[in-house]
Amino acid sequence: MPDDLTRLSRGIARALVDRTRLGSDELSPFLLTLRSVSDPRSAELARQGIERHGERHLAGLLGGEQARERSALALSVILGMWLMRSVIGDTALLEADLDGLARHLEGMLAGLLTSS
């Protein structure tokens, strides 16, 4: 994997673990999005915003084959991690060793971000 993707995977993983720690409200925009998606129009606006700002930006950094799909998969992992730690409060994820958790996330993200 190129060094820049290694750094990107590591940076995302470390930031995600830090921002989803118990009591953190740094990702409250995700909560607003989550609460509003029950309304079809709000869900459409959320999808458009995610695709336009997050997915396309990350895909542009990745390049290569299926960059948008890989970007969407990585964003799914990010959102899932945020949901499990910040909203659901999964005990295993909240009590996990933060460095170990970040390493696991880094490995998952590295696999998703790398073009096959």
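The sections below set out a description of the structure shown in this document. Here the structure is a predicted model, which means the values were calculated and not measured.

Some thoughts on the overall build of the chain
- What the chain contains, in helices and strands, is six helices and zero strands.
- Along its sequence from the N terminus, the chain presents helices and strands in the succession α-α-α-α-α-α.
- Here the C-alpha radius of gyration of the chain, 15 Å, is about what a compact globule of 116 residues would show, namely 13 Å.
- Considered along the principal axes of its C-alpha atoms, the chain spans approximately 35 × 35 × 20 Å.
- Looking at the 116 residues of the chain, the share that counts as buried comes to 27%.
- The contacts in the chain between residues at least 6 apart in sequence include a share of 63% that link residues at least 24 apart.
- Of the roughly 7,200 Å² of accessible surface on the chain, 57% is carried by carbon and sulfur atoms.
- Of the side-chain charges in the chain, 14 are positive and 16 negative, and the distance between the mean point of each set is 4 Å.

Side note on unusual backbone geometry
- A positive phi is found at Gln 66, a non-glycine position, where the angle reads about 55°.
- Counting through the fold element by element, Gln 66 comes out in the loop between α3 (40–62) and α4 (67–87).

Let's talk about the environment of Gly 23
- With respect to the helices, strands and loops of the structure, Gly 23 is situated in the loop between α1 (3–19) and α2 (28–36).
- Between the alpha carbons of Gly 23 and Ser 86 there is a distance of 8.0 Å; along the sequence they are 63 residues apart.

Some words on α1
- In a regular helix each residue adds 1.5 Å, so 17 residues correspond to 24 Å; α1 covers 24 Å between its end C-alpha atoms and thus fits that length.
- Those residues of α1 that fall on the buried side of the exposure criterion are Leu 5, Ser 9, Ile 12, Ala 13, Leu 16 and Val 17. Across the axial projection of α1, the buried residues extend over an arc of 125°, all falling on one side. Opposite the buried face of α1, by more than 90 degrees, sit the exposed residues Asp 3 and Arg 7.
- For α1, the elements touching its buried residues are α3, α4 and α6 (98–113).

Some details on a nonpolar patch on the surface
- Taken together, Leu 34, Val 37, Met 84, Val 87 and Ile 88 make up a surface patch of nonpolar side chains, about 380 Å² in accessible area.
- Assignment of secondary structure puts Val 37 in the loop between α2 and α3.

A closer look at the environment of Ala 59
- Examined against the element boundaries, Ala 59 turns out to sit in helix α3.
- Residues Ala 59 and Leu 45, spaced 14 residues apart in sequence, show a C-alpha to C-alpha distance of 20 Å.
- Setting aside residues up to four positions removed in sequence, Ala 59 forms contacts with Ala 67, Arg 68 and Ser 71.

Considerations on α6
- Between its first and last C-alpha, α6 extends 22 Å over 16 residues, near the 22 Å set by a 1.5 Å rise per residue.
- Buried-residue contacts for α6 involve α1, α3, α4 and α5 (91–95).

Calculation rules
- The numbers attached to residues start from 1 for each chain and follow its sequence in the written order.
- The model is predicted, so local features are restricted to residues of pLDDT at least 70 and side-chain atom pairs to those at 80 or more, both for listing and for counting; the totals for chains, interfaces and linings are taken over all residues.
- Derived side-chain values reflect all non-hydrogen atoms in the structure, with water molecules and hydrogen atoms excluded from consideration.
- In this text, helices come from DSSP runs of H or I with a minimum length of four residues, and strands from runs of E with a minimum of two, each type numbered from the N-terminal end.
- Put simply, the radius of gyration uses C-alpha atoms, and a globule should come to 2.2 Å times the residue count raised to 0.38.
- Only protein chains enter the area calculation, which uses a 1.4 Å probe; residues under 20% of their type maximum are buried, those over 50% are exposed, and those in between are partly exposed.
- The criterion used for residue contact is that any of the two residues' heavy atoms lie within 4.5 Å.
- Per-residue and other accessible areas were derived by the Shrake-Rupley procedure at a 1.4 Å probe size, with only the shown protein chains allowed to occlude residues.
- Positive residues here are Lys and Arg, negative ones are Asp and Glu, while His and the chain termini are left out of the count.
- For the purpose of locating charges, the reference atoms are NZ of Lys, CZ of Arg, CG of Asp and CD of Glu.
- What a helix is expected to span follows from its residue count: subtract one and scale by 1.5 Å.
- Here the arc refers to the directions that run from the helix axis out to each C-beta atom.
- Like charges are joined within 9 Å and nonpolar side chains (Val, Leu, Ile, Met, Phe, Trp, Tyr) within 5 Å, but only among residues with over 30% relative accessible area and no salt bridge; these make up the patches.
- Put simply, a salt bridge is a Lys or Arg side-chain nitrogen that is within 4 Å of an Asp or Glu carboxyl oxygen.

Read these as geometric descriptors, not functional statements.
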